[in-house]
Amino acid sequence: QVQLVESGGGLVQAGGSLRLSCAASGRTFSSYAMGWFRQAPGKERRFVATIRRSGTYYTDSVKGRFTISRDNAKNTVYLQMNSLKPEDTAVYYCAAGRGSSYYTTSDEYNYWGQGTQVTVSF
């Protein structure tokens, strides 16, 4: 069992930056691929970024602006978000998964955090 707790969300002006953190419980954190998803009001939850054995991967809309990283010693995954835009406004969720290949869809993840709100103003 893995428990995930996100933090770092908040209100920021367009062009600003935020760093989200996701702290995981358990001793097997390093064996999980980790991902970030987001859900805007009235929309489906969508993939943002993943960090897996083969490396990192991002959805096109955040490439060059967001960076996912992890610290296995701290059981934590991060999402550094720069040059934020109003369309980045959403609840951001971290997730942990094993046994899959790409980790770009929700069903490839086994555990989810409760989410943290990110609001980007004009």
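What you see is a predicted model; the values in this text were computed from it and never measured. (Residues numbered from 1 in each chain as written. Predicted model: local features only at pLDDT ≥ 70, side-chain atom pairs only at ≥ 80, totals over all residues. Heavy atoms only, no water.)

1. Quick look at the overall build of the protein chain
The secondary structure content of the protein chain amounts to zero helices and eleven strands. The order of helices and strands in the protein chain, counted from the N terminus, is β-β-β-β-β-β-β-β-β-β-β. Since a compact globule built from 122 residues should have a radius of gyration of about 14 Å, the 13 Å found for the protein chain is in line with a globular shape. The C-alpha extent of the protein chain, read off along each of the three principal axes, is 40 × 25 × 25 Å. Out of the 122 residues belonging to the protein chain, those deemed buried represent 45%. If you sum the accessible surface of the protein chain, you get close to 6500 Å²; carbon and sulfur atoms cover 45% of it. Of the side-chain charges in the protein chain, 14 are positive and 8 negative, and the distance between the mean point of each set is 6 Å. (Helix = DSSP H or I, 4+ residues; strand = E, 2+ residues; numbered from the N terminus. Rg over C-alpha atoms; globule rule 2.2 N^0.38 Å. Buried < 20%, exposed > 50% of the residue type's maximum accessible area, 1.4 Å probe, protein only. Areas by Shrake-Rupley, 256 points an atom, 1.4 Å probe, with all protein chains shown as cover. Lys, Arg positive; Asp, Glu negative; His and termini not counted. Charge placed at Lys NZ, Arg CZ, Asp CG, Glu CD.)

2. Observations concerning unusual backbone geometry
Positive phi is not limited to glycine here, since Ser 83 has a value of about 50°. Along the polypeptide, Ser 83 turns up in the loop between β8 (76–81) and β9 (90–97). Not every positive phi belongs to a glycine, and Tyr 103 is a case in point at roughly 60°. Here Tyr 103 shows up in the loop between β9 and β10 (111–112).

3. Regarding the nonpolar core
Among the nonpolar cores identified, the biggest contains 29 residues, and Leu 4, Met 34, Trp 36, Leu 79, Met 81 and Tyr 92 are the most heavily contacted of them. When contributions to this core are tallied by element, the ones reaching two or more residues are β3 (18–24), β4 (33–39), β5 (46–52), β7 (66–71), β8, β9 and β11 (116–121). Once residues within four sequence positions are removed from consideration, Leu 79 is found in contact with Leu 18, Arg 19, Leu 20, Trp 36, Val 48, Ala 49, Phe 66, Thr 67, Ile 68 and Tyr 92. Of all hydrophobic cores here, the second largest spans six residues; its members include Phe 37, Phe 47, Ala 95 and Tyr 109. (Core = buried A, V, L, I, M, F, W, Y, C linked by side-chain atoms within 4.5 Å. Contact = heavy atoms within 4.5 Å.)

4. What to know about the state of the cysteines
One pass over the structure, following the stated rule, counts one disulfide. With its sulfur 1.9 Å from that of its partner, Cys 22 forms a disulfide with Cys 94. Disulfide Cys 22-Cys 94: torsion about the S-S bond near 40°, hence right-handed. Within this pair, whereas Cys 22 is found in strand β3, its partner Cys 94 is found in strand β9, the two being separated by 72 residues in sequence. (Disulfide = S-S within 2.5 Å.)

5. Re the sheet that holds β8
The sheet built from four strands is open, its strands ordered β1-β3-β8-β7 with antiparallel pairing. Only two strands of the sheet have a single partner each, and these edge strands are β1 (4–7) and β7. Ignoring strand direction, the axes of neighbouring strands in this sheet form an average angle of 15°. (Pairing = 2+ DSSP bridges. Axes fitted to C-alpha atoms, helices over the stretch in contact; angles between N-to-C directions.)

6. Regarding the packing of aromatic side chains
Summed over the entire model, instances satisfying the criterion amount to seven aromatic pairs. Taking 6.1 Å as the distance between ring centres and 70° as the angle between the ring planes, the aromatic pair formed by Tyr 32 and Tyr 111 counts as edge-to-face. A residue pair is termed long-range when its members are at least 10 positions apart, and Tyr 32 in the loop between β3 and β4 and Tyr 111 in strand β10 qualify at 79 residues. Among the residues examined, Tyr 32 registers a relative accessible area of 6% and is labelled buried. An aromatic cluster of three or more residues is present, and its members are Phe 37, Phe 47, Tyr 57, Tyr 103, Tyr 109 and Trp 112. Taking the ring centre of Tyr 93 as reference, the NZ or CZ of Arg 45 above it sits at 3.8 Å. Sitting over the face of the ring of Phe 29, Arg 70 holds its NZ or CZ atom 4.5 Å from the ring centroid. (Phe/Tyr/Trp six-rings, centres within 6.5 Å; stacked < 30°, edge-to-face > 60°. Lys NZ or Arg CZ within 6 Å of the ring centre and 35° of its normal.)

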